Amino acid sequence: MNIYIYGTHMFVYLYHKHRKYKKKVRKSMATSKADEVFIDFSGIETRNSFVSHLSAAFRRRSVSVCLGGDCTDVVTPRKTNEGCKVFVVVFSEDYALSKQCLDTLVEFLERKDDGLVIVPVYYGGVTESMVKQQTERFGVAFTQHQNNYSYDQVAKWRDCLIQTASLPGHELNLQQEDSEFVEKIVADVREVLDATGKIGIYSRLLEIEKLLCKQSLKFYYLGLWGMPGIGKTTIAEAAFKQMSKDFDASFFVEDFHKEYHKGRPYKLREEHLKKVPKGGSIRGPILSFKELREKKVLFVLDDVRNLMDFESFLGGIEGVSPGSVIILTSRDKQVLHQCQVEDVFEVPSLNEEEAVRLFARTAFHKEGPSDAKLMDVSKKVARYAGGNPKALCFYGRELEKKKKPEEMEEEFEKMRQCPPQEILSLFRSSYDALNDNERSIFLDIACFFNGEPCDDVMRILEGCGFFPHVGIDRLAERSLLTISKEKRVEMQGFIQDAAREFINQTSRRRRHWEPSRIRLLLENDKSKGNEVIEGIFLDTTKLTFDVNPMAFENMYNLRLLKIYSTHSETAQELRLTKELRSLPYELRLLHWEKYPLQSLPQDFDTRHLVELNMPYSQLQSLCVGTKVKVTFRENRKLFFFLVKLFMCFVLFCRA
């Protein structure tokens, strides 16, 4: 009997203790620091599979998470999660069947204007259109709700689903692994939570993590490559902070090229080795790489420009433990290969959405432009800067004080015409490092051939005596231009204008593209300094004047001459009242739309031309070399003449 009473009292005691514990837990949840991310979902299966992986991935990245859902015992979100910054809603097939989930969505959506970020995730075959249009299982759910709840309540739920599905989110496709899908969501959310406001950093870190996961137990070299200002240093520093805790010793050398040439390499090594944090079996300052033997070490060297500097600085590193990692950043891909990196990660530019966000943060102190006109200006700047973060931030700061879109456009156009020193300094060192061949090719492309087919550009430059097959590849490796999928040579707008400004800063300009300056050259036969001119590209749109017959007399070095119009409806033609006296012997490209004469100068030898293009011209007689690419559009007389000339050439060969 006593035993029974004792057992009963013990049961009651444990029962009440358990209830007090649950109340204590709930109270602590309500009073403790709010979680950063709230994940809402429906169904125990979703929780035990996808949501468990998602929450674990957040926690691995030190992001605090609270799970909602209709299968969890949590208190009202409004009370416990008022401080959370991101609401991740996982739309699975049964989500709309849950009244609790729909009510939670309504509550969080009301906080959107207070800065809460809502991230919709479409999982388990659910698509954005299914949620927005409430079809399939979502349609079935609302058919049931109409019978059980008021019209206003159901309409409110419908509206919340439409609003949420209109937000940027993540949709799982059939070719995508759940793990990859989870990591992209985590990268997106971490970017939102980043107090520094860095855009796109975590998606790039994710790609670096994938490369590091491939490494074997040996020493691993990874290169980060991209143009100046693209974010190599920022990404390398973020990777260092994230990875350094997993190594026995680690150090980061920012602006390695500059620091190395300030003093001797051993001094730079000593300075950074002394900064190695104490940990594991390492005690006190480290004075040489010998003391790192059998240690797992992380080295990050930012802005490596020379193999000799790299080898001199890291001399004697061979004895470190397997699993150690060296990360190098460089604007020159060839340097990374010389340093024998195993993988090269090309740091991508920001996409248009990311670029507009970064520009808007700097210029408007908002996540996006407030109206359509400001959006147009933002997109224009983003495209011009090619998604380069440093350039975008600079233009944003410069345009910050301009309130009207028209004022912003005017100021931006001024910066395009005369690039500021901050933009020029980004590329000055890369430009100065070019040899004569590379520099000539770079300037020709910047002034004349941006966006042109690569094969055509190479043929013309080769005819000019350059070595474009090697030169263009080196410019691409130096991140100064790219070859598109369509095999066109492409250069970002702000790099092109920086290159042109380098030309403007010289005392005697060799290349001309500005119509007002070219007009002065062609109207006057006594202009001084014409002998150094190598290229003239004249856009005759809304421009007409008389060309002096002696205009090209002293242009001995003129290689490239193109007279054209970008807008055929407003195209004008240059007038030649007399026969053209001469054309330069060095000419390799001759392109003259609406050439007004019936023949070229008599002493002009066309055999040196690489390309002759005379569309819509009056030309009727011509003698050309066999290796010249000839184009004559809308000129029947000359066409038949060339056919006869070709037939005569064939008969001559047969004879």
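Residues numbered from 1 in each chain as written. Predicted model: local features only at pLDDT ≥ 70, side-chain atom pairs only at ≥ 80, totals over all residues. Heavy atoms only, no water.

## Structural notes on the packing of helix α17 (residues 389-399) against helix α19 (residues 421-432)
Right, on to step 1. At their nearest, the axes of α17 and α19 sit 10 Å apart, and the two run at 165° to each other. Overall, the two elements α17 and α19 adopt an arrangement that is roughly antiparallel. Crossing hand, α17 versus α19: right-handed. Only Glu422, Ile423 and Leu426 of α19 make contact with α17, whose side of the interface consists of Lys390, Ala391, Phe394 and Tyr395.
Right, on to step 2. Grouping the constituent residues of the contact of α17 with α19 by class yields five nonpolar, no polar and two charged. (Axes fitted to C-alpha atoms, helices over the stretch in contact; angles between N-to-C directions. Helix = DSSP H or I, 4+ residues; strand = E, 2+ residues; numbered from the N terminus. Parallel < 35°, antiparallel > 145°, perpendicular 65-115°, else oblique. Left-handed = near helix turned anticlockwise from the far one by under 90°. Contact = heavy atoms within 4.5 Å. Nonpolar A, V, L, I, M, F, W, Y, C, P; charged D, E, K, R; others polar.)

## A few points about the confidence of the model for the protein chain
Right, on to step 1. Overall, the predicted model of the protein chain reaches an average pLDDT of 84, with 80% of residues at or above 70.
Right, on to step 2. Note on residues 1-33: pLDDT is under 50 here. Beyond four places in sequence and across chains, it has five contacts.
Right, on to step 3. Throughout residues 278-285 the model reports pLDDT below 50, and contacts reaching past four residues in sequence, or to other chains, amount to nine contacts. (pLDDT = per-residue confidence, 0-100.)

## Quick notes on the environment of Leu521
Right, on to step 1. By the element assignment, Leu521 lies in helix α24 (residues 515-523).
Right, on to step 2. Using a relative accessible area of 10% as the deciding quantity, one classes Leu521 as buried. (Buried < 20%, exposed > 50% of the residue type's maximum accessible area, 1.4 Å probe, protein only.)

## Re the pairing of strand β16 (residues 589-592)
Right, on to step 1. Neither face of β16 is left uncovered, since the one carrying Leu589 and His591 and the one carrying Leu590 and Trp592 both have all their residues buried.
Right, on to step 2. Where strand β15 (residues 560-564) meets β16, four bridges bridge the pair, whose relative direction is parallel. Residue pairing in the sheet places Lys562 in a bridge with His591 of β16.
Right, on to step 3. The sheet contact formed by β16 and strand β17 (residues 611-613) spans three bridges and is parallel. What sits directly across from His591, in β17, is Asn613. (Pairing = 2+ DSSP bridges.)

## Some thoughts on the nonpolar core
The tendency in soluble globular proteins is for nonpolar side chains to be buried as a group.
Right, on to step 1. With 88 residues, the main nonpolar core has Tyr395, Phe442, Phe449 and Phe494 as its most contacted residues.
Right, on to step 2. It is helix α20 (residues 436-449) that contributes the most residues to this core, eight residues altogether.
Right, on to step 3. If sequence neighbours within four positions are ignored, Phe442 has contacts with Tyr431, Leu434, Leu475, Leu480, Met491, Ile495 and Ala499.
Right, on to step 4. Of all hydrophobic cores here, the second largest spans 30 residues; its members include Ile518, Ile533, Ile536 and Leu558. (Core = buried A, V, L, I, M, F, W, Y, C linked by side-chain atoms within 4.5 Å.)

## A look at unusual backbone geometry
Right, on to step 1. For Glu136, which is not glycine, the phi dihedral falls at a positive 55°.
Right, on to step 2. Despite not being glycine, Lys594 has its phi angle at roughly 55°, a positive value.
Right, on to step 3. Note on placement: Lys594 falls in the loop between β16 and β17.

## Some points on the packing of helix α15 (residues 352-363) against α17
Right, on to step 1. Two elements in contact, α15 and α17, have axes separated by 7 Å at closest approach and are oriented at 35°. In this structure, the crossing between α15 and α17 has a hand that is right-handed. Counting all contacts with α15, which are made through Ala355, Leu358, Phe359, Thr362 and Ala363, the residues of α17 involved are Pro389, Leu392, Cys393, Tyr395, Gly396, Arg397 and Leu399.
Right, on to step 2. Along the lines of polarity and charge, the residues of the contact of α15 with α17 split into nine nonpolar, two polar and one charged.

## As for the pattern of salt bridges
Right, on to step 1. One pass over the structure, following the stated rule, counts 38 salt bridges.
Right, on to step 2. The salt bridge involving Asp332 is made with Arg478; its shortest N-O contact spans 3.8 Å. Linking Asp332 in the loop between β9 (325-330) and α14 (333-338) with Arg478 in the loop between α22 (468-477) and β11 (482-483), this pair joins segments that are 146 residues apart in sequence. In terms of burial, Asp332 and Arg478 fall into one category: buried.
Right, on to step 3. For Arg607, the salt bridge identified is with Asp605, shortest N-O distance 3.0 Å.
Right, on to step 4. Residue class for Asp605 comes out partly exposed when judged on its relative accessible area of 24%.
Right, on to step 5. Salt bridges linked by common partners bring Asp332, Glu438, Arg474, Glu477 and Arg478 together as one network. (Salt bridge = Lys/Arg side-chain N within 4 Å of Asp/Glu carboxyl O.)

## Notes on the sheet that holds strand β6 (residues 220-225)
Remark on secondary structure: sheet strands pair via backbone hydrogen bonds, oriented parallel or antiparallel.
Right, on to step 1. Reading across from one edge, β7-β8-β9-β6-β10 is the order of the five strands in this open sheet, with parallel pairing throughout. The sheet terminates laterally at β7 (249-253) and β10 (343-346), the two strands that pair on one side only. The sheet shows a mean angle of 15° between the axes of neighbouring strands, taken without regard to direction.
Right, on to step 2. Relative to strand β8 (residues 297-301), β7 is paired through five bridges, and the arrangement is parallel. In the sheet register, Ser250 faces β8, and the bridge partner there is Leu298.
Right, on to step 3. Sitting on the sheet, helix α9 (residues 201-213) touches β6, β9 and β10, and the angle it makes with β6 is about 155°.
Right, on to step 4. Across the sheet, helix α10 (residues 232-243) lies against β6, β7, β8 and β9, angled at about 165° from β7, the strand it touches most.

## Quick look at the sheet that holds strand β1 (residues 37-40)
Right, on to step 1. The strand order across the open sheet built from five strands is β2-β1-β3-β4-β5, with neighbouring strands paired in parallel fashion. Here the strands that pair on one side only, and so sit at the sheet edges, are β2 (65-67) and β5 (170-171).
Right, on to step 2. When β1 meets strand β3 (residues 86-91), the two strands line up parallel, connected through four bridges. From the neighbouring strand, Val37 faces β3, where its bridge partner is Val86.

## With respect to the packing of aromatic side chains
Right, on to step 1. Enumeration according to the criterion identifies 28 aromatic pairs in this entry.
Right, on to step 2. Both rings, one in Tyr431 and one in Phe502, keep their centres 4.6 Å apart while their planes meet at 25°; by these two values the pair is stacked. Within this pair, whereas Tyr431 is found in helix α19, its partner Phe502 is found in helix α23 (residues 493-504), the two being separated by 71 residues in sequence.
Right, on to step 3. Residue classification places Tyr431 among the buried positions, given a relative accessible area of 9%.
Right, on to step 4. Of the residues examined, Phe502 reaches a relative accessible area of 4% and is grouped as buried.
Right, on to step 5. Clustering of aromatic rings is evident, with ring pairs tying together Phe251, Phe256, Tyr260, Phe299 and Phe313. (Phe/Tyr/Trp six-rings, centres within 6.5 Å; stacked < 30°, edge-to-face > 60°.)

## Considering helix α8 (residues 178-193)
Right, on to step 1. Compared with an ideal rise of 1.5 Å per residue, which puts 16 residues at 22 Å, α8 spans 23 Å between its outermost C-alpha atoms and is within 8% of the ideal.
Right, on to step 2. Those residues of α8 that sit buried are Phe181, Val182, Glu183, Ile185, Val186, Ala187, Val189, Arg190, Glu191 and Leu193. (Expected span 1.5 Å × (residues − 1).)

## Concerning the pairing of β1
Right, on to step 1. Across the two faces of β1 the burial is the same, with Val37 and Ile39 and Phe38 and Asp40 all buried.
Right, on to step 2. When β1 meets β2, the two strands line up parallel, connected through three bridges. What sits directly across from Val37, in β2, is Val65.
Right, on to step 3. At this point the chain moves from β1, through helix α2 (residues 44-60), to the parallel β2, and the crossover so formed is right-handed. (Right-handed = clockwise from strand over helix to strand, strands pointing away.)

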